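The lines below spell out each chain.
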Amino acid sequence: MRRAFQALFLLLSLWAFPLAVGAEGRVLPEDFVVRGVALGEVADEAAIEKAFGAPLFDTEKSVFGIRVKYYTFKKKFSVGVSVSTGKVVDIVIEDHDYAARDGVRYGATPHRIASVYGRKDREQIGGLTWNVYANPEKPGQKLMLEVEPGTWILSSWRLTSLPLTEEEADMGGGEEEDWQSADFNAQVLEGKDIDMSALKDRDETEQGATPPWKR
C-alpha cells in the first residue's frame, strides 16, 4: 500500500513538474507604480517627498533632448520629473531591501524574474545588461531590470518613459515629447529669436539610459 502511494505521488509530481517549469509571469500595470508614485503621472515635490522622504539633492539633466529634474533619495532611489510637463518619467531603484511585486528583491534569480514578469531576451543598453518589459496598457513605458552579467541575478530596477537610445529618440520613442522641438516651434510661432545653443544639449548618447549616479 505504501509503495502504491509513493508511486502515485511520483506520477503526480512528474505530471505537475512541466507545468511549474513552464509557468511564466507577466508584467502588470501595477509594476509601474513605486510607493504610490506612478510613472507617467504628474507629481509635485511634496508628493514625491511624501513617498520617498526628503531628497538628498536634485539635479537637472537633458536625456536625449528631454529636460528632466532628478531627485535622489536615501538607499539609492532616484525619481526623474519632466521639466516641461511635471510628469514622472524615470524611477531608478538600487535599494537592496526594496521588494517589488510578489516579493521580488535584489539578487532574484533568472527563474524568479521569469516566474513573475515573464521571460525576455537580455539587452545591452548604456553598457549595462537589462531585461526590458513594456507596460501592457502604455507601451511607451518600460520596466527595466538590470542583471549581473554571468549570474544574471537582479541588481536594480528602472521604470521609464524616456527613450533608451539616440535612435529611439529620433524615431519618437518613449512617451515624453521632445522639449527642444516643442520650444523651437513655439518660438517660431511667436516670431522670437531662436537660441540654437540649446540644441547642443542633445549630445546624450547611451549614457542617458543609465541612472544619474552611474554616469
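Residues numbered from 1 in each chain as written. Predicted model: local features only at pLDDT ≥ 70, side-chain atom pairs only at ≥ 80, totals over all residues. Heavy atoms only, no water.

J.: I'd like a rundown of the overall build of the protein chain, residues and numbers included.
T.: For the protein chain, the helix and strand inventory stands at five helices and ten strands. Considering the protein chain as a whole, with its 215 residues, one finds that 41% of them fall into the buried category. Residue pairs in contact within the protein chain that sit at least 24 positions apart in sequence constitute 51% of those at least 6 positions apart. For the protein chain, the accessible area works out to roughly 12,100 Å², and carbon and sulfur atoms hold 55% of it. (Helix = DSSP H or I, 4+ residues; strand = E, 2+ residues; numbered from the N terminus. Buried < 20%, exposed > 50% of the residue type's maximum accessible area, 1.4 Å probe, protein only. Contact = heavy atoms within 4.5 Å. Areas by Shrake-Rupley, 256 points an atom, 1.4 Å probe, with all protein chains shown as cover.)

J.: Give me the packing of aromatic side chains: which residues, what numbers.
T.: Counted according to the given criterion, the structure contains five aromatic pairs. Between Phe52 and Phe77, the aromatic rings sit 5.5 Å apart at their centres with planes inclined by 50°, giving tilted as the arrangement. Within this pair, whereas Phe52 is found in helix α2 (residues 45–52), its partner Phe77 is found in strand β5 (residues 77–82), the two being separated by 25 residues in sequence. Judged by its relative accessible area of 10%, Phe52 is buried. Owing to a relative accessible area of 2%, Phe77 belongs among the buried residues under this scheme. Each ring, one from Tyr117 and one from Tyr133, has its centre 5.9 Å from the other, and the planes form 45°; the classification is tilted. With Tyr117 in helix α3 (residues 110–117) and Tyr133 in strand β8 (residues 128–134), this pair connects stretches of sequence that are 16 residues apart. Judged by its relative accessible area of 4%, Tyr117 falls in the buried class. Through a chain of ring-to-ring contacts, the aromatic side chains of Phe52, Phe73, Phe77, Tyr98 and Trp157 assemble into a single cluster. (Phe/Tyr/Trp six-rings, centres within 6.5 Å; stacked < 30°, edge-to-face > 60°.)

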